[in-house]
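# An overview of the molecular structure
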Amino acid sequence: MIPWRILLLLVVLGGVLTERRFPTGKVTSPKAYPRDAETQLEEDDGGYRLPKETAPSHYAIHLKTSVHRGDIEFQGVVDIHLDVIESTDKIVVNSRGLDIATGTLYHVENGELVELEQPIQAYDEQTEQLTFQCSSTLELGSYVLTVDYTGQLQTSGSGFFRRFYRDENNNRHYLATTQFEPTRARMAFPCYDEPTLKATFTVSITHHVTYNAVSNMPQDGPVVVDLEDPEFVTTHFQKTSRMSTYLLAFVVSDFETKELGRQLIHARPNAIDEAEFGLVAGDAILDALGEYTGVSFYDYKPKLAQIAIPDWGSGAMENWGLVTYGEPALLFNPKVSTYRTKTGVATTVAHELAHQWFGNLVTTDWWKYIWLNEGFANLYGYYGAHLAYPEEKYMDLHQVQAVHLALSQDSSDTTRPMNWNANTPAEISALFDTVAYYKSGSVLNMFRAVFGDQTWRKGLNTYLLNRQLDVATDQHLYEALQSALSGERSIPETMTVKEIMESWTNAAGYPVLNVRRNYRTNEVTISQERFFSDKKVPTEHVWYIPYNYATQGDREFDLDHFNWLTKKADRIHVDVKPEQWLIFNRQQFGYYRVNYDLHNWELLTWALIHYPESIHNYNRAQLIDDAFSLARAGVLDFNVPLRLLVSLINDEDYLPWVAGDKVLRHIQGKVRGTDLQERFEYFVHTLIGNIYVKLNVESVDAEETLKHKYLKQLISTWACQIGYVDCLEKTHSALQAAISGSVEVHPDVSTVVYCYGIQQASDDEFLWLYNQMTDSKNEAYRSLVISALGCARSKEQLNSYLSTAIGSVSEINYLDAERPRVIQAVYSNDRFGVDVLIDYLNTAALADDFVSRLGQSTLNGAINNIASRTNTEEQFDRLKALLATLGSQVSEEVSSAAMKTVQGNFDWRDSLEGVIVADFLGMHGLV
């Protein structure tokens, strides 16, 4: 599963003009975990785990829905086939939000059902447990509990929920779909809603004759007409393999279907033609992953279906045999969709299809080990796409989108280990975080490199076959990998896979490897400590750190040899001349940072500036990212990352640039609107000038690689942002050409062309682009244009734009999640937009409309973002005046947080980092 808050991190950390793949929902802060994470107690489950006296073997589920009319009520009956494995007088299952009519218990005797009774029902709202209390003790054996109930389709995008799309005549068409992970199957039918309690399923759904139903398995025979109401038919589905409740799925809609071999793809009729790439990619990736793991998907399922759900953001869910996606994560229209959308489709499809093995065939025993699902899916989301499309170099993106992101998010003292228990539904949902996805994927990739890909594959094959149709803990993975290493020693004989990997999976955070050279003796002292982004605190934990290094003399960056640091410090001998650089962690294979003595940093900086190609591009990106993070943590002179930025002048690879972009965006946020802004922009000009002149800002050449497109967008965004006349003129001309109908804007440059072309646009040109959004039904394209419209530099245009989302002119065909994006678009791209929003909200009536239409969380988010973009006293006065106008509409907590943010911006100028940046820009800025 890829939830919206994980995807949002890519947007937040990827820069202002990263194409936004915002799924619906509320952005939540990362969960804080106790500092003694390694000693977490988990014996007491708080009563949230189901009793162990009974276990399910099969569910026969029948549902009836009139969603074609938009009705939210549905009827259901479920036969729960269960075994009593310890004598008990009650059966306990999970249920949430369902109205239970009756429950009837049968005993299975010689294959026949013998009715016993209708047990007394009791419900615990806190634990979401529904108890059927029997009048006598149930002995060991097989039973069937039949439950009749009703429920309501949700509007939240989880459980059994309703969505709609609009046809070409703007008419609404409703559909019902599911999202059960992690604890929401209980919202559609009473069940044993725990991953370890696997069972088989048969599903039948009664729906309107004009609609169709799909589920995990193919349809079982023709639909059956309802004799009592011929307008309804019932679709039956074949029996599933054993699987967890959260992997069940069904959709009732009027969608159309495309097929390719044993794969199907479903989408609304007016978008089915946009499903071609997702279908082809799914076919190629599923085959590639089957070959890679040595386990065929089709040994367990006769088909794979993918379905695009409208107005469901960019998340996705790996339901076994029926994978659901938000439309932007599956649909690709070559006329309007960008290279980023295509990349997102390929990697999201690969992520969800990797789950067909890691999570579906073999399921985590409990959510404590969710990294066994999501970590593998994160890694093979990129690697699976790479296997199918090696020319795109998707693993290069994994380096900056996964490894760098994980290192950034995993450096606080409140982060959790990969193994971390949870019991309540809220605690379980909180586990789907950057640790489960990006850290775990990065750690697994580290061990893939260390053990060797062939050995790794052998171990995964053993793991999958040994635990097929069952559940697993981390121990099962360690045992399988250990067996694969027999006779192929890639680790010392004194160590085991379990010891090595548990030093990573059971510990919070990650280490920094400190490297100190003795330039006279060639001895190098290496030591480890936990890295914190804002402090330096001694820790007792010791990671088993695999390491290697390259020198200026050999420039060897292959991953063919590893050493180990299994204690706090060690001293090694390295054959490198005093005047030559030394770099650890080849290709940044290891999930840790590296800090050097200052002289080695100087040698590396000189090499990057004069001979960047002498160092692997992964390591060039690593050096910038590590140096910046180490400097921000106060353990490295901030001059080091600043000087490393100078190396970008001669570097035309995207990876070092995206690492550098993170540093530049940080500095820009601190100097925007101050006397340092002009010097900063000149420094950026010195970095991008050599590359910019080689780019076609407004067009795309056929031979451009994926990484070049990423680089072009990054560079041209900076060029237009700091006022390159050539960039602004070309983007505006490209926009005008599209408006006149002479030349369409190529999708792969549309983000920059639309944003900066609109800055000089007339009202008619602004309206044209706005109509492009409202006339389109492609959610990814709409999101792109919504962001671009916020780049306008006309107060009147932005006021009108804000009014479409929150003012009196509100009956626009926005999706619910799109209205807040209008606000985000206005404040995100320039201080000009911030000031327009402040003026707009200073009108009390409009502020009331804002909260009424968009909710309190959107206003709080706007205040927080205005504060983060406030760097001068004049700007601060405007914020304080706004807060006075809003009064009680802004809580004291939000107001105080805004004041603290602004004060932090002011304090930065007098901090050591601020002084160093000012001095550096004084030397490298305007001359």
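Cut-offs applied
Residues numbered from 1 in each chain as written. Predicted model: local features only at pLDDT ≥ 70, side-chain atom pairs only at ≥ 80, totals over all residues. Heavy atoms only, no water. Helix = DSSP H or I, 4+ residues; strand = E, 2+ residues; numbered from the N terminus. Rg over C-alpha atoms; globule rule 2.2 N^0.38 Å. Buried < 20%, exposed > 50% of the residue type's maximum accessible area, 1.4 Å probe, protein only. Contact = heavy atoms within 4.5 Å. Areas by Shrake-Rupley, 256 points an atom, 1.4 Å probe, with all protein chains shown as cover. Lys, Arg positive; Asp, Glu negative; His and termini not counted. Charge placed at Lys NZ, Arg CZ, Asp CG, Glu CD. Disulfide = S-S within 2.5 Å. Pairing = 2+ DSSP bridges. UniProt positions renumbered as here; feature names shortened; annotations may be inferred. Axes fitted to C-alpha atoms, helices over the stretch in contact; angles between N-to-C directions. Expected span 1.5 Å × (residues − 1). Arc of directions from axis to C-beta. Polar contact = N/O pair within 3.5 Å; in protein donor to acceptor, adjacent residues only side chain to side chain. Core = buried A, V, L, I, M, F, W, Y, C linked by side-chain atoms within 4.5 Å. Salt bridge = Lys/Arg side-chain N within 4 Å of Asp/Glu carboxyl O. Bend = angle between axes of the 7 residues up to and from the residue. Phe/Tyr/Trp six-rings, centres within 6.5 Å; stacked < 30°, edge-to-face > 60°. Lys NZ or Arg CZ within 6 Å of the ring centre and 35° of its normal.

Secondary structure summary: the chain contains 28 helices and 30 strands in total. Against the 2.2 N^0.38 benchmark of 30 Å for 927 residues, the chain shows a C-alpha radius of gyration of 29 Å, consistent with a compact globule. Structurally, the chain occupies a C-alpha span of about 90 × 70 × 55 Å along its principal axes. When burial is assessed residue by residue, the chain has 62% of its 927 residues classed as buried. A separation threshold of at least 6 residues defines the contact pool for the chain, and within that pool the share at least 24 residues apart is 73%. Summing over all exposed atoms, the chain offers an accessible surface of approximately 34,100 Å²; the carbon and sulfur share of this is 48%. Positive and negative side-chain charges of the chain, numbering 78 and 120 respectively, have mean locations separated by a distance of 5 Å.

For the rest of this paragraph, the subject is the state of the cysteines. All chains considered together, the criterion is met by two disulfides. Shown here is the disulfide that connects cysteine 720 with cysteine 727, its sulfur atoms set 1.9 Å apart. Here the disulfide of cysteine 720 and cysteine 727 is left-handed, its torsion about the S-S bond being about -85°. Cysteine 727 matches cysteine 720 in its accessibility class, with the two residues each being buried. Between the sulfur of cysteine 755 and that of cysteine 791 lies a disulfide, 2.0 Å long from S to S. The chirality of the disulfide connecting cysteine 755 with cysteine 791 is left-handed, given an S-S dihedral of about -95°.

In this structure, strand E4 (residues 99-109) lies alongside strand E8 (residues 141-152), joined through eight bridges in antiparallel fashion. Its bridge partner being in E8, histidine 107 is matched across the sheet by tyrosine 143. Linking E4 to strand E5 (residues 112-117), which pair antiparallel, is a turn of two residues; within it asparagine 110 sits at a positive phi near 55°.

What follows concerns the UniProt feature "domain: Aminopeptidase N-like N-terminal" (unreviewed entry) in the chain. Per the UniProt record, "domain: Aminopeptidase N-like N-terminal" (unreviewed entry) is found at residues 56-247. With 0% helix and 57% strand, residues 56-247 has its two end C-alpha atoms placed 15 Å apart.

Read across the open sheet, the eight strands follow the order E5-E4-E8-E2-E1-E11-E14-E13; overall the sheet is mixed. One side of each edge strand has no neighbouring strand; the edge strands of this open sheet are E5 and strand E13 (224-225).

Reading across from one edge, E3-E7-E6 is the order of the three strands in this open sheet, with antiparallel pairing throughout. Sheet topology places strand E3 (88-94) and strand E6 (120-124) at the edges, where each strand pairs with a single neighbour. Sheet twist, expressed as the mean angle between neighbouring strand axes with direction ignored, is 25°. Sheet topology note: the E3/strand E7 (residues 129-138) ladder contains six bridges and is antiparallel. Bridged to lysine 90 within E7 is glutamine 133.

With 13 residues, helix H28 (residues 912-924) should cover 18 Å at 1.5 Å per step; its first-to-last C-alpha distance of 18 Å lies within 8% of that length. Those residues of H28 that sit buried are Glu913, Gly914, Ile916, Val917, Phe920 and Leu921. With its buried residues spanning 160° around the axis, H28 presents them on a single face. Of the exposed residues in H28, the ones pointing more than 90 degrees away from its buried face are Leu912 and Met923. Against helix H12 (617-632), helix H13 (639-646), helix H14 (654-671), helix H15 (677-692) and helix H27 (892-910) lie the buried residues of H28.

This paragraph deals with the side chain of aspartate 396. By the secondary structure assignment, aspartate 396 is in helix H5 (residues 394-409). For aspartate 396, a relative accessible area of 9% puts it in the buried group. In terms of polar contacts, aspartate 396 uses its side chain to reach the side chain of lysine 707, at 2.8 Å. Filtering out sequence-adjacent residues up to four positions away, aspartate 396 remains in contact with Asn617, Tyr618, Leu655 and Lys707.

Turning next to unusual backbone geometry. Following glutamate 181, the chain continues to proline 182 via a peptide bond in cis, the omega torsion being 0°. You can see proline 182 is positioned in the loop between strand E10 (172-179) and strand E11 (200-208). Located in the positive-phi region is glutamate 128, a residue other than glycine, with phi close to 60°. Mapped onto the elements, glutamate 128 comes out in the loop between E6 and E7.

With that out of the way, let us pick up the nonpolar core. Of all hydrophobic cores here, the largest spans 303 residues; its most connected members are Phe189, Tyr380 and Phe584. Take this core: its biggest share by element is 11 residues, from helix H7 (residues 434-451).

All chains considered together, the criterion is met by 36 salt bridges. Of the charged contacts in the structure, one is a salt bridge between glutamate 327 and arginine 268, with a shortest N-O distance of 2.6 Å. Remark: arginine 268 occurs in the loop between strand E17 (263-267) and helix H2 (276-293) and glutamate 327 occurs in the loop between strand E20 (322-326) and helix H3 (339-354); sequence separation between them is 59 residues. Overall, the relative accessible area of 3% leaves glutamate 327 in the buried class. For arginine 268, a relative accessible area of 2% puts it in the buried group. Salt-bridge contacts for aspartate 560 lead to arginine 586; the nearest nitrogen and oxygen are separated by 3.4 Å. One end of the pair, aspartate 560, is in the loop between strand E26 (549-551) and strand E27 (563-565); the other, arginine 586, is in the loop between strand E29 (582-584) and strand E30 (593-596), with 26 residues separating them in the sequence. Taking the relative accessible area as the measure of exposure, aspartate 560 reaches 57% and is therefore exposed. By sharing partners, the salt bridges in this structure join Lys795, Arg831, Asp835, Asp839 and Arg878 into a single network.

This part covers helix H4 (residues 371-388). For H4, with 18 residues, the first-to-last C-alpha span of 24 Å sits near the 26 Å given by 1.5 Å per residue. Bending of H4 peaks at approximately 35° at the position of tyrosine 380. In terms of residue burial, H4 counts as a mostly covered element, since 15 of its 18 residues are buried.

Glancing now at the environment of lysine 198. By the secondary structure assignment, lysine 198 is in the loop between E10 and E11. Assessed through its relative accessible area of 3%, lysine 198 is described here as buried. Separated by 99 residues in sequence, lysine 198 and phenylalanine 297 place their C-alpha atoms 19 Å apart. What lysine 198 contacts, discounting residues up to four positions off in sequence, is Pro56, Arg242, Met243, Ser244, Asn360, Leu361, Thr363, Leu469, Asp470 and Val471. Engagement of the side chain of lysine 198 in a polar contact is seen with the backbone oxygen of aspartate 470, the distance being 2.9 Å.

All chains considered together, the criterion is met by 44 aromatic pairs. The interplanar angle of 65° and the centroid separation of 5.3 Å between the aromatic rings of tyrosine 510 and tyrosine 591 together place this pair among those described as edge-to-face. With tyrosine 510 in the loop between helix H10 (497-505) and strand E23 (511-518) and tyrosine 591 in the loop between E29 and E30, this residue pair connects regions lying 81 residues apart in the sequence. In this structure, tyrosine 510 and tyrosine 591 share a single accessibility class: buried. Taken together, the aromatic side chains of Tyr59, Phe74, Tyr149, Phe160, Phe180, Phe189, Phe201 and Phe250 make up a single cluster linked through ring pairs. Above the ring of phenylalanine 164, the side-chain terminus of arginine 172 is found at 3.9 Å from the ring centroid.

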